[in-house]
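Results of the structural survey
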Amino acid sequence: MVSQLIFAIILAFAIGLFSLNVRKIIRNIRLGRAVDRSDRPVERWKKMVMVAFGQQKMFKRPFPALLHLLVYLGFVIINIEMLEIIIDGLFGSHRVLAILGGFYNLLLAAFEWLALGVLVGCLVFLIRRNIGRLKRFSGKEMTFWPKTDANLILITEILLMAAFLIMNATDHKLQLSGMSHYITAGSFPVSSWLMPLLPEASGRLMWIERSAWWFHIVGVLTFLNYLPYSKHLHIILVFPNTYFSKLTPKGQFTNMDSVTNEVKAMLDPSFAPPSADGLPARFGAKDIPDLTWKNLMEAYTCTECGRCTSVCPANITGKLLSPRKIMMDTRDRMEEIGKNIDQNGEFKDDGKFLLDSYISREEIWACTTCNACVEACPVNIDPLNIILELRRYAVMEESQAPASINAMFGNIENNGAPWKYAQSDRDNWKNS
Amino acid sequence: MAEMVAKGETPDILFWVGCAGSFDERAQRITRDICKILVHVGIKYAILGTEESCTGDPAKRGGNEFLFQMQAMMNIQVLDGYEIKKIVTACPHCFNTIKNEYPALGGHYEVIHHTQLIQQLIDEGKLKAKGGESFKGRRITYHDPCYLGRGNGVFEAPRQTLESLDAQLTEMKRCRSNGLCCGAGGAQMFKEPENGKKDIHVERIEEAMATKPEIIAAGCPFCMTMLRDGVKAKEKEQEVQVLDIAEITARANGLF
Ligand code: SF4
Ligand code: SF4
């Protein structure tokens, strides 16, 4: 009875805390500007199925893709087991789903194999990350915390899976010894390998079994509450994020309607722009509220995998720009603003901005707008769009572009070409 | 175009030459070759001449949406004034901008890139690759321009034109949707690169050289500049030529 009560309290606390954090995340994403991504629902569902469930874009690199698929499938499917654990925990039953009979045995056998898969997958990932010296796992933005975050997740998953297998092994042994509470149920193809290592005394076995059970469930609930602080949040956000993907060609950049109105008014004085209500306060982006909610959702979805940075021509050739850093900076600044709001009830000026305090001018001007980062991202993030918005702010609000870029603008304005040539010479090529 | 209108004629297609194709000496040669191909197959084409103006691509990617939209609206006025329906461009940047970004500002046209047009002409049997230089068995590697390939999914047309010449097409490690940028896009063409270890075009040329090509094929005047700079930096001008798909086609057809 006592343990049921403790279980209920822990469960309620974990779920409560998680929903609180989810609400904060949603609020932070809503800091962004509006953008309509409700069109073409069929195509959007397809994208989500292919990219999120099917992990289509991971398979550009087959080896990590296979391992990742293994860990992902294992982790998702084994979580079905959570249902049983929660029922057992609340009602004091034991292996309540055993009523499924033969199917239960099948299910459990599958869980065990998957658990082994997850374990091995995570071990290989840990080795790759820490000993393999893969270039994309280092970089300026991969400071102490992001690296620790990645390792923590992998170690936690290994521990959870180990607890799961130990729990099963002891349970199995207790079943065989005929303990009345431990009904004969399940099949244990993997955990039975552990049986020889276990003690014989049933008291100690029960102690181990219970510890592993509690460790597993408390571990999973802790993990759930760790998500909002981690790059691992992608396991949830990848679904909405891929659903709301950009569907237009990669080369097509957004049209700024606010500018269209002004340009129309300039070209045709009789043009009456629609009312200025709801128009953004500034052109481009200087800080979080100037970006769209989709940009912000992407920042939360970023897995910090570095695939974008590893294909970025600027980064490859040693420039400061790293598209992964653009996403990580955006998330950090967004969370800073979120905390500011939590503390003060509303946002209080802190003298900081996404541009300059986090992302430097040198970074945004190094981008060739080549879309390699967008193509490489396994969860359909578009770092280029944020870079563009920052440039728009620098150019249209501050007139702060590099001098040669300003000269190019001047040439287009005066001669209709980015170079200093006379418009009247435009068809001289015919004569030579 | 104005002359055609004066004579009461309408063109089959408008050839959008672009700033590089108009002013850059190297790109002018590509422009002339595209014209030769059009004449050779009997397509009635027009150019805007001095009425053409920058599409606004570098302004937009440089963050100057005002300037971009000013350029776009002026160009749309001119194009609509001549009732243009179909446009072929010599530059992937013009192609992308007119095709994808003009519709939001009221400009709706059917736009193709010159490599797509050449591919169509080969498919229709109008271009036969006869009577000119033979490219049979020669090693050619094709560099995907970002705004043609990744930006708009045109990967096959340029490759098929090369395959139809029986050339030996070799791929770089980073090709098609994974292609590496030449370093010119996003208004980089008009400024010095930021501090780093290396120039992007050198990185790209090293990769191209690894395929031991006789010819590096391009489809963009900006890539052309960058790739040539790369070849020069490696002092390989004697061994490797950088040619546009249009130039290769014109040579294969003996159009001089
Ligand atoms: S679009 Fe910009 S940030 Fe993205 S890969 Fe290309 S150069 Fe790097
Ligand atoms: S933006 Fe995408 S590719 Fe880049 S680190 Fe984040 S998840 Fe990986």
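These numbers come from a predicted model, not from an experiment. Here, residues in each chain are numbered from 1, in the same order as that chain's written sequence. Throughout, the order in which chains and ligands are written sets their labels, letters from A for the former and numbers from 1 for the latter. Selection of residues for local features in this predicted model requires a pLDDT of at least 70, selection of side-chain atom pairs for listing and counting requires 80 or more, and totals for whole chains, interfaces and linings are taken over all residues. As a convention, hydrogens and water are excluded, and side-chain values are obtained from all of the structure's heavy atoms.

Looking at the side chain of Glu141 of chain A
All names here are of chain A. Stated formally: Going along the chain from the N terminus, every DSSP run of H or I of four or more residues is numbered as a helix, and every run of E of two or more is numbered as a strand. Buried residues are those whose accessible area, probed at 1.4 Å on protein chains only, stays under 20% of the maximum for their type, while exposed residues exceed 50% and partly exposed ones sit between those limits. Pairs of N or O atoms within 3.5 Å make up the polar contacts considered here, provided that, within protein, one atom can donate a hydrogen while the other can accept it, and that residues adjacent in sequence are counted only when both atoms are side-chain atoms. Pairs of residues are marked as contacts when any of their non-hydrogen atoms sit within 4.5 Å.
Checked against the element boundaries, Glu141 lands in the loop between helix H5 (102–130) and helix H6 (144–176). The class of Glu141 is buried, set by a relative accessible area of 11%. Here Arg324 takes part through its side chain, which lies 2.9 Å from a polar atom of the side chain of Glu141. Excluding residues within four positions of it along the chain, Glu141 makes contact with Pro146, Thr309, Ser322, Arg324, Lys325 and Met328.

Side note on the domain arrangement of chain B
All names here are of chain B. Selection criterion: Start and end points for every domain follow an automatic or database-based domain assignment. Buried area: the sum, over both parts, of the accessible surface (1.4 Å probe) that disappears when the two are put together. Criterion for a salt bridge: a side-chain nitrogen of Lys or Arg within 4 Å of a carboxyl oxygen of Asp or Glu.
Taken as a whole, chain B is organised into domain 1 (2–118) and domain 2 (129–252). Using only C-alpha atoms to locate each centre, domain 1 and domain 2 end up separated by 23 Å. Summing the contributions of domain 1 and of domain 2, the shared interface buries around 2,100 Å²; its carbon and sulfur component is 71%. Considering only the side of domain 1, the residues that lose the most area to domain 2 are Arg26, His93 and Thr115, jointly responsible for 27% of the buried surface there. The tally of links from domain 1 across to domain 2 stands at one salt bridge. Between Arg26 and Glu247 there is a salt bridge; the shortest N-O distance is 2.8 Å. Linking domain 1 with domain 2 are six residue pairs in polar contact (both at pLDDT 80 or more).

Let's talk about the pattern of salt bridges
Enumeration over the complete set of coordinates arrives at 48 salt bridges over all chains. Between Arg361 of chain A and Asp356 of chain A there is a salt bridge whose closest N-O contact spans 2.7 Å. One network of salt bridges, in which partners are shared, links Arg174, Lys198, Glu203, Arg204, Glu206, Glu207 and Lys234 of chain B.

Focus: the site of ligand 1
In plain terms, the rule: Any residue with a heavy atom lying within 4 Å of a molecule or strand is counted as near it. The classification used treats Ala, Val, Leu, Ile, Met, Phe, Trp, Tyr, Cys and Pro as nonpolar, Asp, Glu, Lys and Arg as charged, and all other residues, Gly among them, as polar.
Taken together, Cys312, Pro313, Leu321, Pro323, Cys367, Thr368, Thr369, Cys370, Asn371, Ala372, Cys373 and Ile387 of chain A make up all the residues around ligand 1. The residue inventory of the shell around ligand 1, partitioned by class, reads nine nonpolar, three polar and no charged.

Details of the site of ligand 2
Residue and element names in this part refer to chain A. Lining the immediate environment of ligand 2, one finds 13 residues, of which Cys302, Cys305, Gly306, Cys308 and Cys377 sit closest. Listing elements by their share of the shell around ligand 2, those giving two or more residues are helix H11 (307–311) and helix H13 (323–344). For the shell around ligand 2, the class distribution of residues is eight nonpolar, two polar and three charged.

Section: the domain arrangement of chain A
Residue and element names in this part refer to chain A. Once the domains are mapped, chain A shows domain 1 (2–34 + 44–243) and domain 2 (257–272 + 280–402). On a C-alpha basis, the centroid separation for the pair domain 1 and domain 2 is 35 Å. Viewed at the interface, domain 2 and domain 1 are joined by four salt bridges. Note that Glu375 and Lys60 form a salt bridge whose closest N and O atoms lie 3.0 Å from each other. Taken together, the connections running from domain 1 to domain 2 amount to 23 residue pairs in polar contact (both at pLDDT 80 or more). Secondary structure elements with two or more residues in the side of domain 1 that touches domain 2: helix H1 (2–29), helix H2 (41–53) and helix H8 (234–243). Looking at the side of domain 1 that touches domain 2 element by element, the count peaks at six residues for H8. Tallied by class, residues from the side of domain 1 that touches domain 2 come to 17 nonpolar, seven polar and twelve charged.

Some words on the confidence of the model for chain B
Filter applied, for reference: The score called pLDDT rates the predictor's confidence residue by residue, from a low of 0 to a high of 100.
Chain-level pLDDT for chain B is 96 on average; 100% of the residues reach the 70-or-more range. In the model output, the complex is listed with pTM 0.96 alongside ipTM 0.96.

Regarding helix H10 (residues 293–301) of chain A
Residues and elements named next belong to chain A. For H10, the tally of buried residues reaches nine of nine residues, placing the bulk of the element in the interior. Among all positions of H10, only Trp293, Lys294, Asn295, Leu296, Met297, Glu298, Ala299, Tyr300 and Thr301 are buried. If you follow the buried residues of H10, they end up packed against H1, H8, H13 and helix H17 (383–397).

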